[in-house]
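Breakdown of the fold
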Amino acid sequence: MAADAALIPQRFRPRETDGDPATSPLSFGDPARAMAWCRAEAGIIPQLCSLALELGLYEECWRLAYAMRDYFFAARAFGPWAESHRIALLAAERCGDRWARAVTRNNLGMAYVEQGRIAEAQGQYGQALELLLARGDDSGVAATLGHQAWASHAAGRHDEAIALAGSAIELHRRHDNQRSVAIMYRTAALAHSGKGRHRDALDLLDDCEKILSGLDLPLDLAMTFNCRGEVHYAMGAYDEAAA
């Protein structure tokens, strides 16, 4: 958890089993050191999750996968991401933690989308949404709607993606979750671009950049520039895309 906290400080984290990440025996002064540590350890994470499951350490199992999600995303390590989370889902189900089941399904769905397994991802998101609605967890529902929006965009269902992103933005605003609002602007922007509405897409990315510029989130800001490049490329504005 300490490495994950160094990578994405603003990410929501559940109550720690063994204390706060800030008091961990491991400490990381900057994201680069945390990334290097995760890179060195990532290869054994699925095996560690499997071992924890076999030993009945169910909470430790799903938390380990949860803590590595941001690294897997940044490194595009989709294989170990999906494998670790399939194991973690079994553990979450056995420990009876509804929130753990929901968030693990969401994170597994994200890996499936990146692997092109859209129908499987949407299945995970649908089950996660049911769990979170039953808990009355608005923030979790908003996150799931956002994941569904990205999956819909990846499947070419751009209008559906825009509608889902809009619903997620409304919920995120209620909780003043500015980072998540910015991420949804990014998703909606690419969906608008997919419909040929490139100027609307660029306006949304401007709004996204304004939010992220006030936060210490270099990865999210870099992804916003990438999205702007994709929109310019789709417009045929190749010099702007390269910039």
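Refer to the structure printed above.
Nothing here was measured: the structure is a model prediction, and the numbers come from that model.

Moving on: a nonpolar patch on the surface. Side chains of Ile44, Leu48, Leu51, Leu55 and Leu57 sit close together on the surface and give an oily, nonpolar patch of about 430 Å² of accessible area. Overall, leucine 55 belongs to the exposed group, its relative accessible area being 58%.

Turning to unusual backbone geometry, a few remarks are in order. Located in the positive-phi region is arginine 76, a residue other than glycine, with phi close to 60°. Its identity as a non-glycine residue notwithstanding, aspartate 176 has a phi of 55°, on the positive side. Relative accessible area serves as the criterion here: at 58%, aspartate 176 is assigned to the exposed category.

This part covers the nonpolar core. Within the largest apolar cluster, 64 residues are counted, with the highest numbers of intra-cluster contacts made by Cys61, Trp62, Phe72, Trp81 and Tyr185. Ranked by the residues each element gives to this core, the list is headed by helix α6 (residues 98-114), at nine residues.

To continue, consider the packing of α6 against helix α8 (residues 138-154). It is the contact of α6 with α8, at a shortest axis distance of 10 Å, that shows an interaxial angle of 10°. The orientation of α6 relative to α8 falls into the category roughly parallel. As α6 packs across α8, the resulting crossing turns out to be left-handed. On the side of α6, the interface is formed by Asn106, Met110, Val113 and Glu114, while α8 contributes Gly140, Thr144, His147, Trp150, Ala151 and Ala154. Taken together, the residues of the contact of α6 with α8 sort by class into five nonpolar, four polar and one charged.

Under the defined criterion, the tally for this structure stands at zero disulfides. Not part of a disulfide, cysteine 95 finds its nearest cysteine sulfur in cysteine 61, a span of 9.1 Å. Accessibility expressed as a relative area gives 33% for cysteine 95, which makes it partly exposed. Unpaired in this structure, cysteine 227 has its nearest cysteine sulfur neighbour in cysteine 208, at a distance of 7.5 Å.

A separate point is the pattern of salt bridges. Enumeration according to the criterion identifies 14 salt bridges in this entry. For glutamate 59, the salt bridge goes to arginine 63, with nearest N and O atoms at 2.9 Å. Highlighted residues: glutamate 59 and arginine 63, both in helix α4 (residues 58-75), separated by four residues, approximately one helical turn. You can call arginine 63 buried: its relative accessible area is 9%. Residue aspartate 220 pairs with arginine 186 through a salt bridge whose shortest N-O separation is 3.5 Å. Note that aspartate 220 is positioned in helix α12 (residues 218-235) and arginine 186 in helix α10 (residues 178-194), a separation of 34 residues in sequence. One exposure class covers both aspartate 220 and arginine 186, and it is buried. Overlapping salt bridges, with partners in common, bring together Asp159, Lys195 and Arg197 in one network.

Calculation criteria
- Starting afresh in each chain, residues are numbered from 1 along the sequence in its written order.
- Note on the predicted model: pLDDT of at least 70 is required for a residue's local features to be given, and 80 or more for side-chain atom pairs to be given and counted; whole-chain, interface and lining totals, by contrast, use all residues.
- Only heavy atoms go into the side-chain values, all of them from the structure, while hydrogens and water stay out.
- Patch membership requires over 30% relative accessible area and the absence of a salt bridge. Like charges are linked within 9 Å, and nonpolar side chains (Val, Leu, Ile, Met, Phe, Trp, Tyr) within 5 Å.
- We get accessible surface area from the Shrake-Rupley algorithm with a probe of 1.4 Å; when it comes to residues, only the shown protein chains can shield them.
- In the sections that follow, a salt bridge refers to a side-chain nitrogen of Lys or Arg positioned within 4 Å of a carboxyl oxygen of Asp or Glu.
- Only protein chains enter the accessibility calculation, which uses a 1.4 Å probe. A residue is then buried if its area is under 20% of the maximum for its type, exposed if over 50%, and partly exposed in between.
- Here, the term nonpolar core denotes a set of buried Ala, Val, Leu, Ile, Met, Phe, Trp, Tyr and Cys residues that are joined through side-chain atoms within 4.5 Å.
- Where helices and strands are cited, they refer to DSSP runs of H or I of at least four residues and of E of at least two residues respectively, numbered from the N terminus.
- To define axes, lines are fitted to C-alpha atoms, for helices over the stretch in contact only, and angles between the resulting N-to-C directions are given on a 0 to 180 degree scale.
- The labels follow the angle: roughly parallel below 35 degrees, roughly antiparallel above 145, roughly perpendicular from 65 to 115, and oblique for the rest.
- Crossings are assigned a handedness: left-handed for a near helix turned anticlockwise from the far helix by less than a right angle, right-handed for a clockwise turn.
- By definition, residues are in contact when any of their heavy atoms lie within 4.5 Å.
- Each residue is assigned to one of three groups, with Ala, Val, Leu, Ile, Met, Phe, Trp, Tyr, Cys and Pro labelled nonpolar, Asp, Glu, Lys and Arg labelled charged, and all others, Gly among them, labelled polar.
- For the purposes of this analysis, a disulfide is any pair of cysteine sulfur atoms at a distance within 2.5 Å.

Fair warning: the whole summary comes from geometry, so function is off the table for now.
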